[in-house]
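Chain by chain, the residues:
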Amino acid sequence: KKMDQILLGGRGQQKRLYAVDEKIYGTEEGAKLQQEAQQKAMTKAKRKKKKKKKENKESDGEGSRGELGKSNLEDMQQISTVKQSVAAVAVVGVLAAGASIFLGGNRSQ
């Protein structure tokens, strides 16, 4: 019965996929081993991520010039669209201000 509780380990009806060493379960030594395993897994994941990032940089430098050019072209198109929008708003604002000055020159006090 105790082994069933250990295997369930606070996860409801789901059982563990690996055996639990009862000698170190719930002890400081067990906690230390668990922490070391987590740190090892984190460093492994960091190395993997760093390696993947390095591979992506290398592939960007060599073979994907077309994709890089496409993204730059899209960025330039977005920038030009934004510039056109800002210019259009400015022109409309100037026209509105001019019209209000010419048509409604007298202000009511």
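Residues numbered from 1 in each chain as written. Predicted model: local features only at pLDDT ≥ 70, side-chain atom pairs only at ≥ 80, totals over all residues. Heavy atoms only, no water.

Draft legend 1. Focus on the overall build of the chain. When you go through the chain residue by residue, the secondary structure sums to three helices and zero strands. When the helices and strands of the chain are placed in sequence order, the string is α-α-α. Within the chain, the fraction of its 109 residues that count as buried is 6%. Of the roughly 10600 Å² that the chain leaves accessible, carbon and sulfur atoms contribute 57%. (Helix = DSSP H or I, 4+ residues; strand = E, 2+ residues; numbered from the N terminus. Buried < 20%, exposed > 50% of the residue type's maximum accessible area, 1.4 Å probe, protein only. Areas by Shrake-Rupley, 256 points an atom, 1.4 Å probe, with all protein chains shown as cover.)

Draft legend 2. Summary view of the confidence of the model for the chain. Within the chain, residue pLDDT values average 77, and 73% of them lie at 70 or more. The element-level mean pLDDT for the chain is lowest in helix α1 (residues 2-8), coming to 71, with helix α2 (residues 28-62) highest at 84. (pLDDT = per-residue confidence, 0-100.)

Draft legend 3. Broad picture of a positive patch on the surface. A contiguous patch of positive charge on the surface is contributed by Lys 40, Lys 44, Arg 47 and Lys 48. The residue Lys 44 is located in helix α2 in this model. (Patch = residues over 30% accessible without salt bridge, like charges linked within 9 Å, V, L, I, M, F, W, Y side chains within 5 Å. Salt bridge = Lys/Arg side-chain N within 4 Å of Asp/Glu carboxyl O. Lys, Arg positive; Asp, Glu negative; His and termini not counted. Charge placed at Lys NZ, Arg CZ, Asp CG, Glu CD.)

Draft legend 4. Representation of a nonpolar patch on the surface within the structure. Judged by side-chain polarity, Ile 101, Phe 102 and Leu 103 come together as a nonpolar surface patch covering roughly 450 Å² of accessible area. Positionally, Ile 101 belongs in helix α3 (residues 65-103). Overall, the relative accessible area of 60% leaves Ile 101 in the exposed class.

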